[in-house]
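Listed here are the chains, written in short residue letters.
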Amino acid sequence: MTIRSAEVLVTSPGRNFVTLRLTTEEGVTGLGDATLNGRELAAASYLRDHVAPLLIGRDEGQIEDTWQYLYRGAYWRRGPVTMAAIAAVDMALWDIKAKTAGIPLYQLLGGRSRRGCLAYGHASGSTTDALFSSIRNHLEQGYGAIRVQTGVPGLGQVYGVASDQQAGQRYDYEPAKRQALPAEESWDTRAYLRHVPTVFEAVRAEFGPELPLLHDGHHRMTPNEAAILGKSLEPYDLFWLEDCTPGENQEALRRVRSQTTTPLAIGEVFNSVFDYQTLITEQLIDYVRSAVTHTGGITALKKLMDFAAIYGIRSGFHGPTDISPVGQAAHLHLGIALHNFGIQEYMQHSTDTLEVFRTSYTFTDGLLDPGENPGLGVEYDDNAAAAFDYTPAYLPVNRRLDGTVHDW
Ligand code: CS2
Ligand code: MG
C-alpha cells in the first residue's frame, strides 16, 4: 500500500490552522497538525513545497523510516518549521495505521494506562474578583486543576489574561491578533514578582488547599528572578511553575532547581529531545511541556517521554487552542497510554473550530478521553473549512517600561 495524495489544508475558523491530509491508494485518510501560531504559512510551504512530493508512492506503513527520512534526509535538522512539518506527516501516518487496523490509536501505543487524562483549564482576570469568577466558571465545567494568571497592578493588558471586556466570555488566551502588526504589551518583572504571591495567597484562602494550581511565567524571568518566584510560591503548593526562564538555556534551571521545591515545567517552544537532554538527565524539571505538533509528532514525543520516564519526569503536553484538535487528539491517545502521564492542558476550541474538525474525544468529570473511534478520531470537514479564509495574525510583543523588547 502506498500514499496517493498529500494535501496541505489551511483554514481559519477563529484562528489559523495548518493540517496535512494523506490519502492511501485504498482511500484511507490520515490527518496531521502542523500549526505554528503566527508563522503558519512557513510550515504550510515546507510541507507543500518540500515534503508532500516526497510522500507520494511511499509505503504508508513505514512510520519510523519516513520520520528518519524526513529528519536526517533534509540535512537541516530541528527548528519549529521543520519539526511541525515532520509532526504532521507522523500523526497522519499513525492515524492511517490505526484506522487500517480498525482500532483507536492508543491501542497501538500500548493500550490504556488510566481511566482518563486529568485536564487543567486557564482561569484569568485583570483583578482578583474577575479571576475568582473565572476559577468558579472552570470548576462548574468540571475542571479539577486550574492555571492561574492575573493582571499586574500598573501594567496594562498582560498576555494570557482576559481583559475586563472579555470577563465571563469564552476567551482564546493567545489571540494571535488578526492585524498587520503584532500588538505591543508592557512588562515590569519586579511588579510581577511582588504581585503573584499575593494572588496565590488569595486563591488558596478562597478555594482551599486541595485544588491543583498552575502558573505560567512565559520565559520572562532570569534564573535568579525565577528562584525568587519559586520560593515565594512554595507556601501555596503549586502543581507547577511553567516556563520560568527562557527556553534556550537549559543550565539556567540548575540555579532555579537548587533554590526552590516548587515543581517546574518547560518545553512548549522546544522541538527535539536534545532540548531536554540536560534538563532530564540532571532532573532539573518535573514536567515535559512539548506539544506533539512542535516536537516531530507521536514517534518523537513517545521516545522523549520514555527517556523522561527513566528520570521520573512526567508529561504536561502543551494544549492551547493553537494546537489543532488533531494535535490535541494525538496528545490524548499518548496520554492515556503512557505510564508517566502527568496532566493535559485543555482550553477548549471554539464552536467554529469544532465545525471544521469533528472530534470524538470527551471531557467528563475533569478527565479527557480520546474515545474509541479508529485512528485519531478526528474528521476534517472541507465544506465547513471553506468558509474560513486564512487571515494573518500575530502573537504580541512585550516591552519593558523603558521600551526594551522583553520575553513574553
Ligand atoms: C501558553 C501558550 O498554553 C500555554 O501554556 O504558553 O498559550 C502559548 O503562549 C501559545 O500557545 C503560543 O502559541
Ligand atoms: Mg505556556
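All of these numbers come straight from a predicted model, not from anything done at the bench.

### A closer look at the sheet that holds strand β17 (residues 397-400)
The 3 strands are arranged β6-β17-β18 in an open sheet whose pairing can be described as mixed. Lying at the two open borders of the sheet, with one neighbouring strand each, are β6 (184-187) and β18 (405-406). The pairing of β17 with β18 spans 2 bridges and is classified as antiparallel. Among the inter-strand pairings, N398 is bridged to a residue of β18, identified as H406.

### Quick word on the pairing of β17
As paired elements, β6 and β17 share 4 bridges and run parallel to each other. Within the sheet, the bridge partner assigned to W187 lies in β17 and is R400. In textbook terms, the turn of a hairpin is the stretch between consecutive antiparallel strands, and for β17 and β18 this stretch comprises 4 residues, one of which, G403, has a positive phi near 100 degrees.

### A few points about helix α3 (residues 80-101)
For α3, built from 22 residues, the straight-helix expectation of 32 Å at 1.5 Å per residue is met to within 8% by its first-to-last C-alpha distance of 31 Å. Within α3, 16 of the 22 residues are buried, leaving the element largely enclosed by the surrounding structure. Of the residues one or two after α3, G102 is the one with positive phi, at around 75 degrees.

### Re the pattern of salt bridges
A complete count under the given rule lists 18 salt bridges for this structure. Linking E184 and R399 is a salt bridge whose minimum nitrogen-to-oxygen distance equals 2.6 Å. With E184 in strand β6 and R399 in strand β17, the pair connects residues that are 215 residues apart, well separated along the chain. For D286, the salt bridge goes to R257, with nearest N and O atoms at 2.7 Å. Residue D286 is located in the loop between α9 (277-281) and β10 (287-288), and its partner R257 is located in helix α8 (residues 252-259); the two are separated by 29 residues in the primary sequence. Bridged by salt links that share partners, the residues E242, E268, R289 and E345 form one connected network.

Thresholds applied
Residues numbered from 1 in each chain as written. Chains lettered and ligands numbered in written order. Predicted model: local features only at pLDDT ≥ 70, side-chain atom pairs only at ≥ 80, totals over all residues. Heavy atoms only, no water. Pairing = 2+ DSSP bridges. Helix = DSSP H or I, 4+ residues; strand = E, 2+ residues; numbered from the N terminus. Expected span 1.5 Å × (residues − 1). Buried < 20%, exposed > 50% of the residue type's maximum accessible area, 1.4 Å probe, protein only. Salt bridge = Lys/Arg side-chain N within 4 Å of Asp/Glu carboxyl O.

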